[in-house]
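Observations on the model geometry
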Amino acid sequence: MRAALAEAEAGMRGGRGGPFGCVIVRRGEIIARGSNRVTSTNDPTAHAEVTAIREACAKLKTFQLDDCELYTSCEPCPMCLAAIYWARIPRVFYGNTRADAAAIGFDDDFIYQQIPLPPEHRTIAMRPLLRDEAQGAFREWVAKTDKVRY
């Protein structure tokens, strides 16, 4: 966890982004590090957890990190939590809470509140469109015999 906290401080002090850091550990060894890089890369998805997951997956040449642990300086935002689930990381340790992040001006808690709302009640306008046409790719996926499941 101290390595994740150090990543947060180094990234913030280095002007790379907000005060968030992350490390991914496999078999007791840090295999990937990440700090928030949103403002320095103009990439709103460049959160510490996402950058660490990308690095770990590239290093291990896999999209599943089911034998790893993730240490992060703050409770993951909804996007990062989803990435953690997609990567199949079974254990997460965090320092600050999403309420702590909200207290210093970050939207984590607000987004958590938006997720359970029906799409038509969210702050972002969401409307279904061309569902019948969109189903074509899904039907093709179901029939695809050489797909890689994830």
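Structure shown above.
Being a predicted model, the structure only gives us computed values, none of them experimental.

It is worth spelling out the sheet that holds strand 2 (residues 29–35) at this point. Neighbouring strands of a sheet are bound in pairs by backbone hydrogen bonds; such pairs are parallel or else antiparallel. Spatially, 2-1-3-4 is the arrangement adopted by the four strands of the open sheet, whose pairing is mixed. Only two strands of the sheet have a single partner each, and these edge strands are strand 2 and strand 4 (91–96). Sheet twist, expressed as the average angle between the axes of neighbouring strands with direction ignored, equals 15°. As paired strands, strand 3 (residues 68–74) and strand 4 are joined by five bridges and run parallel to one another. Across the sheet, the residue bridging to Cys 74 is Asn 96, located in strand 4.

Right, let's talk about the side chain of Thr 72 for a bit. Here Thr 72 lies in strand 3. Reaching out from Thr 72, the side chain makes a polar contact with the backbone oxygen of Gly 21 at a distance of 3.3 Å. A distance of 2.8 Å separates a polar atom in the side chain of Thr 72 from a polar atom in the side chain of Glu 49.

Glancing now at the pairing of strand 3. With respect to burial, strand 3 is a largely interior element, seven of its seven residues being buried. Of the pairings in the sheet, the one linking strand 1 (residues 21–26) to strand 3 comprises five bridges and is antiparallel in character. Its bridge partner being in strand 3, Cys 22 is matched across the sheet by Thr 72. Following the chain from strand 3 across helix 4 (residues 78–87) to the adjacent parallel strand 4, one finds a crossover that is right-handed.

Turning to a nonpolar patch on the surface, a few remarks are in order. On the surface, Phe 63, Trp 86, Trp 141, Val 142, Val 148 and Tyr 150 cluster together to form a nonpolar patch covering roughly 720 Å² of accessible area. Within the fold, Tyr 150 resides in the segment after helix 7 (131–143).

With that settled, consider the pairing of strand 2. The pairing of strand 1 with strand 2 spans six bridges and is classified as antiparallel. Bridge pairing links Arg 26 to Glu 29 in strand 2.

Right, let's talk about the packing of aromatic side chains for a bit. Across all of its chains, the model carries four aromatic pairs by this definition. Summarising the aromatic geometry, the rings of Tyr 71 and Phe 93 are spaced 4.8 Å apart at their centres and angled 15° between planes, so their arrangement reads as stacked. Here Phe 93 lies in strand 4 and Tyr 71 lies in strand 3, a separation of 22 residues in the sequence. With a relative accessible area of 35%, Phe 93 lands in the partly exposed category.

On to the nonpolar core, then. Burial of nonpolar side chains together is a common tendency in soluble globular proteins. Core analysis: the biggest nonpolar cluster contains 18 residues, and Ile 24, Ile 31, Ile 53, Ala 56, Leu 65, Leu 70 and Ile 89 have the highest contact counts within it. Those elements that provide at least two residues to this core are strand 1, strand 2, helix 3 (48–60), strand 3 and helix 4. The element that contributes the greatest number of residues to this core is helix 3, accounting for five residues. Each residue touching Ile 89, except ones within four places of it in the same chain, is listed here: Ile 24, Ile 53, Leu 65, Cys 68, Glu 69, Leu 70 and Ile 84.

With that settled, consider unusual backbone geometry. In this model, Arg 88 sits at a positive phi of 65°, which is unusual for a non-glycine residue. Despite not being glycine, Leu 130 has its phi angle at roughly 55°, a positive value. Along the chain, Leu 130 falls in the loop between helix 6 (108–114) and helix 7. Look at Leu 130 and you get exposed, because its relative accessible area is 51%.

Analysis parameters
- Residues numbered from 1 in each chain as written.
- Predicted model: local features only at pLDDT ≥ 70, side-chain atom pairs only at ≥ 80, totals over all residues.
- Heavy atoms only, no water.
- Pairing = 2+ DSSP bridges.
- Helix = DSSP H or I, 4+ residues; strand = E, 2+ residues; numbered from the N terminus.
- Axes fitted to C-alpha atoms, helices over the stretch in contact; angles between N-to-C directions.
- Polar contact = N/O pair within 3.5 Å; in protein donor to acceptor, adjacent residues only side chain to side chain.
- Buried < 20%, exposed > 50% of the residue type's maximum accessible area, 1.4 Å probe, protein only.
- Right-handed = clockwise from strand over helix to strand, strands pointing away.
- Patch = residues over 30% accessible without salt bridge, like charges linked within 9 Å, V, L, I, M, F, W, Y side chains within 5 Å.
- Areas by Shrake-Rupley, 256 points an atom, 1.4 Å probe, with all protein chains shown as cover.
- Salt bridge = Lys/Arg side-chain N within 4 Å of Asp/Glu carboxyl O.
- Phe/Tyr/Trp six-rings, centres within 6.5 Å; stacked < 30°, edge-to-face > 60°.
- Core = buried A, V, L, I, M, F, W, Y, C linked by side-chain atoms within 4.5 Å.
- Contact = heavy atoms within 4.5 Å.

Shape descriptors only; they carry no functional weight alone.
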